[in-house]
Amino acid sequence: MINFITDQNEKLIQENRELQLQYLEQKQQLDELKNRMKFYDQKSDINADELSEALLLIKAQKSQKNGDLSFLEKVDNKISKDLERSMRELQATHAETVQELEKTRNMLIMQHKINKDYQTEVEAVTQKMEHLQQDYELRVDQYVHLLDVRAARIQKLEAQLKDIAYGTKQYKFKPEIMPDDSVDEFDETIHLERGENLFEIHIGKVTFSSEVSQASGDKEPVTFCTYAFYDFELQTTPVVRGLHPEYNFTSQYLVHVNDLFLQYIQKNTVTLEVHQAYSTEYETMAACQLRFHEILEKSGRIFCTASLVGTKGDIPNFGTVDYWFQLRVPMDQAIRLYRERAKALGYITSNFKGAERTQWLSHQAPKTAQPSSTDSADGNLNELHITVRCCSRLQSRARHLQPHPYVVYKFFDFADHDTAIIPSSNDPEFDDHMCFPVPMSMDLDRYLKSESLSFYVFDDSDTQENIYIGKANVPLISLAHDRCISGIFELTDHEKHPAGTIHVILKWKFAYLPPSGAVTTEVLGNFIHKEESEVVLRLPPTTSVSPLVVAPTPKPRQRVTPVDKKVSFVDIAPHESSVSSKHTKYRFFFYN
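All figures in this text were calculated on a predicted structure; none of them were measured in a lab.

Check the secondary structure of the protein chain and you find nine helices and 21 strands. Summarising the internal contacts of the protein chain: among those between residues at least 6 apart in sequence, 71% fall at separations of at least 24. Accessible surface computed for the protein chain: about 36600 Å², of which carbon and sulfur atoms make up 53%.

As structure tokens, this is what we get:
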């Protein structure tokens, strides 16, 4: 189509040139004739018209004298020639006009075809857009449906997490009936919520030695026992007469199986006192210690016998007391439920999304330390990621100079790790990421629950060695509960004066699973926060409870200019301003 238009255009240009040449020739002839006529006009005062008329008159007179009338025919021939010439000119003009009209017609036809093609193409594009719109709407509907399904799953998972964390009734059982129990002793089914357990202590029979009856002179003493378990109130058995009293007293405690309770069961004992009643008064005769640590290793009822010790000291062998105790929910299942509840609380109280944290870990390219030399592992490994992001408000010991800081720390039994040196900076950005592969061992669990990780900031320009410009202690107990440690910690110098802050992040790659028996052998103290958020902020500094750690010796190093690292970190500082802690409430009831 375009070639056709181009050919037509070239033809029109060629014809235009030919017409211009003809026009120039005719103009030249006309100019010559005008010049001639002008010449004649200049020679005489008679113009061409007058001369033509005069010649015609003279010729006419001669013709009349001779009787010849042929001049009329000549005049007619001239007129007819003029008419023919005019006709030819008109025909040429008409032909040219027709030709131009034909060209215009052809161009209009071509434009019509182009417009028709454009219209067809527009209709095809419009139809394609309609199909795309329909496809887009269909995909949007599918995505909306998938989002609804995902939202429903999320709501279901949230409901399950809340059910695990805050407890719907999940453990239902009927008390065991032993052969020596009366049938109507238990009259209801006990319902336990998640995290709860029923601990029972049964005081059976006390057997006094013969020395007791000889010393007291009373062959039928009236006695009763008292004891206090955990943080519950004092319990008193029935008053029974005889040297072999059978109290058959059972106390039941609704407890939460957590670290504090397990610590109490493992380390503490309950003092049982035997009293002799005299009317409205009583006297303490003997006492013994009841131990319950076997419940951590055995299930069901555990029968024990304890030796009574006289309070006055004159009777070394006072007698024995028979007792049993049990947890209604087996210990292994109770610990599992407790861990599930603690993990669910960690998910619920998390301040940023797990997907972002997974993406954050996937973009890291950390250095990996050599594996730990600890051998007492449970057969599984985990990775601890430690990131030193930055420091703020650092001051060199030479106040007029800026420090060249770097950070050194030592985790567990790995070698000292030091970051790159940032030259001349009071607010250095390290972005140092280190990965420590560690086995899930008893030593690691003990280390996490009792130690703190010390970060030392050294000045590379300081000529005096072993002097750090700042130190921060980060307690690691949150890692033992599978929680992330992330926040800004206060730095102090060797004189315990504030020396700036450091921002660090410590987190596990996988969920932390303590080794078997770890929860029963550690001294946890007041470090344990029952339902704290996994993000901890340490500003201003608090009193450190970690043992004294010797500062690592700074190593001679070549100064390295930091290179921009393509590592993205999740900025969670705005969400780290509080620590939520809830204390577990214990409910209890008794039956005798």
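Another aspect to go through is the pairing of strand E7 (residues 246-256). Counting buried positions over the eleven residues of E7 gives nine, a clear majority of the element. Direction of pairing for strand E3 (residues 196-208) relative to E7: antiparallel, over a ladder of nine bridges. Pairing of lysine 205 across the sheet is with glutamate 246, part of E7.

For the rest of this paragraph, the subject is the nonpolar core. Most often, soluble globular proteins keep nonpolar side chains buried together rather than apart. Phe199, Ile203, Phe229, Ile265, Leu290, Phe292 and Leu308 are the most contacted members of the largest nonpolar core, which has 47 residues in total. What phenylalanine 292 contacts, discounting residues up to four positions off in sequence, is Phe199, Ile201, Phe229, Ile265, Val270, Tyr323 and Phe325. With 37 residues, the next largest nonpolar core counts Val438, Val504, Leu506 and Tyr512 among its residues.

We now examine the side chain of serine 425. Note that serine 425 resides in the loop between strand E15 (417-418) and strand E16 (429-441). Among the residues examined, serine 425 registers a relative accessible area of 12% and is labelled buried. Residues contacting serine 425, with those up to four places away along its chain left out, are Gln402, Pro403 and Pro405.

Aromatic ring pairs are defined here through the distance separating the ring centres and the angle between the ring planes. Within the structure shown, the criterion is met by 33 aromatic pairs. Here phenylalanine 229 and tyrosine 230 contribute two aromatic rings whose centre-to-centre distance is 6.1 Å and whose plane-to-plane angle is 50°, an arrangement assigned as tilted. Using a relative accessible area of 19% as the deciding quantity, one classes tyrosine 230 as buried. Joined through ring pairs, the aromatic side chains of Phe199, Phe229, Tyr230, Phe232, Tyr253, Phe261, Tyr264, Phe292, Tyr323 and Phe325 make up one cluster.

Looking now at helix H8 (residues 442-450). Of the residues making up H8, those classed as buried are Leu444, Asp445, Tyr447, Leu448 and Lys449. As for H8, its buried residues are in contact with E16, strand E17 (452-459), helix H9 (477-480) and strand E20 (498-508).

A few words now on unusual backbone geometry. For tyrosine 230, which is not glycine, the phi dihedral falls at a positive 55°. Summarising the element assignment, tyrosine 230 is placed in the loop between strand E4 (222-227) and strand E5 (235-236). Although it is not a glycine, asparagine 248 adopts a positive phi angle of roughly 45°. Along the chain, asparagine 248 turns up in strand E7.

It is worth spelling out the environment of aspartate 445 at this point. Along the chain, aspartate 445 turns up in helix H8. For aspartate 445, a relative accessible area of 0% corresponds to the buried category. In this structure, the C-alpha to C-alpha distance between aspartate 445 and tyrosine 512, residues 67 residues apart in sequence, is 9.9 Å. For aspartate 445, the side chain forms a polar contact with the side chain of tyrosine 512, separated by 2.8 Å.

This brings us to the pairing of strand E9 (residues 281-291). For strand E8 (residues 269-278) and E9, the ladder comprises ten bridges, and the chain directions are antiparallel. Within E9, the residue paired with alanine 277 across the bridge is tyrosine 282. Adjacent in sequence and paired antiparallel, E8 and E9 are bridged by two residues, among which serine 279 carries a positive phi angle near 60°. Note: E9 against strand E10 (residues 302-310), two bridges, orientation antiparallel. Its bridge partner lying in E10, alanine 286 is registered against glycine 310.

Our next topic: the pattern of salt bridges. Pairing is possible between side chains that carry opposite charge, provided their charged atoms lie close to one another. Considering all chains together, one arrives at ten salt bridges under this definition. Across the pair arginine 139 and aspartate 135 runs a salt bridge, and its minimum N-O distance is 3.5 Å. Of the two residues, arginine 139 and aspartate 135 are both situated in helix H3 (residues 70-167); the distance of four residues between them amounts to about one turn of the helix. Assessed through its relative accessible area of 46%, arginine 139 is described here as partly exposed. In this structure aspartate 135 comes out as partly exposed when scored by relative accessible area, which is 33%. Where lysine 298 meets glutamate 294, a salt bridge forms, and the shortest distance between an N and an O atom there is 3.7 Å.

This brings us to the environment of arginine 336. Secondary-structure assignment places arginine 336 in helix H6 (residues 331-348). Along the backbone, arginine 336 and valine 257 are 79 residues apart, and their C-alpha atoms lie at a distance of 9.8 Å.

We now examine the confidence of the model for the protein chain. In the predicted model, the protein chain carries a mean pLDDT of 76, and 71% of its residues have values of at least 70. A low-confidence stretch, residues 182-188 (pLDDT under 50), is modelled with ten contacts involving residues beyond four sequence positions or located in other chains. Counting contacts from residues 519-549, a segment whose pLDDT is below 50, to residues more than four positions away or on other chains yields 82 contacts.

A separate point is a nonpolar patch on the surface. A grouping of Leu21, Tyr23 and Leu24 is seen on the molecular surface, where their side chains present a nonpolar patch of about 350 Å² in accessible area. As for its placement among the helices and strands, leucine 24 is situated in helix H1 (residues 2-43).

Calculation criteria
Residues numbered from 1 in each chain as written. Predicted model: local features only at pLDDT ≥ 70, side-chain atom pairs only at ≥ 80, totals over all residues. Heavy atoms only, no water. Helix = DSSP H or I, 4+ residues; strand = E, 2+ residues; numbered from the N terminus. Contact = heavy atoms within 4.5 Å. Areas by Shrake-Rupley, 256 points an atom, 1.4 Å probe, with all protein chains shown as cover. Buried < 20%, exposed > 50% of the residue type's maximum accessible area, 1.4 Å probe, protein only. Pairing = 2+ DSSP bridges. Core = buried A, V, L, I, M, F, W, Y, C linked by side-chain atoms within 4.5 Å. Phe/Tyr/Trp six-rings, centres within 6.5 Å; stacked < 30°, edge-to-face > 60°. Polar contact = N/O pair within 3.5 Å; in protein donor to acceptor, adjacent residues only side chain to side chain. Salt bridge = Lys/Arg side-chain N within 4 Å of Asp/Glu carboxyl O. pLDDT = per-residue confidence, 0-100. Patch = residues over 30% accessible without salt bridge, like charges linked within 9 Å, V, L, I, M, F, W, Y side chains within 5 Å.

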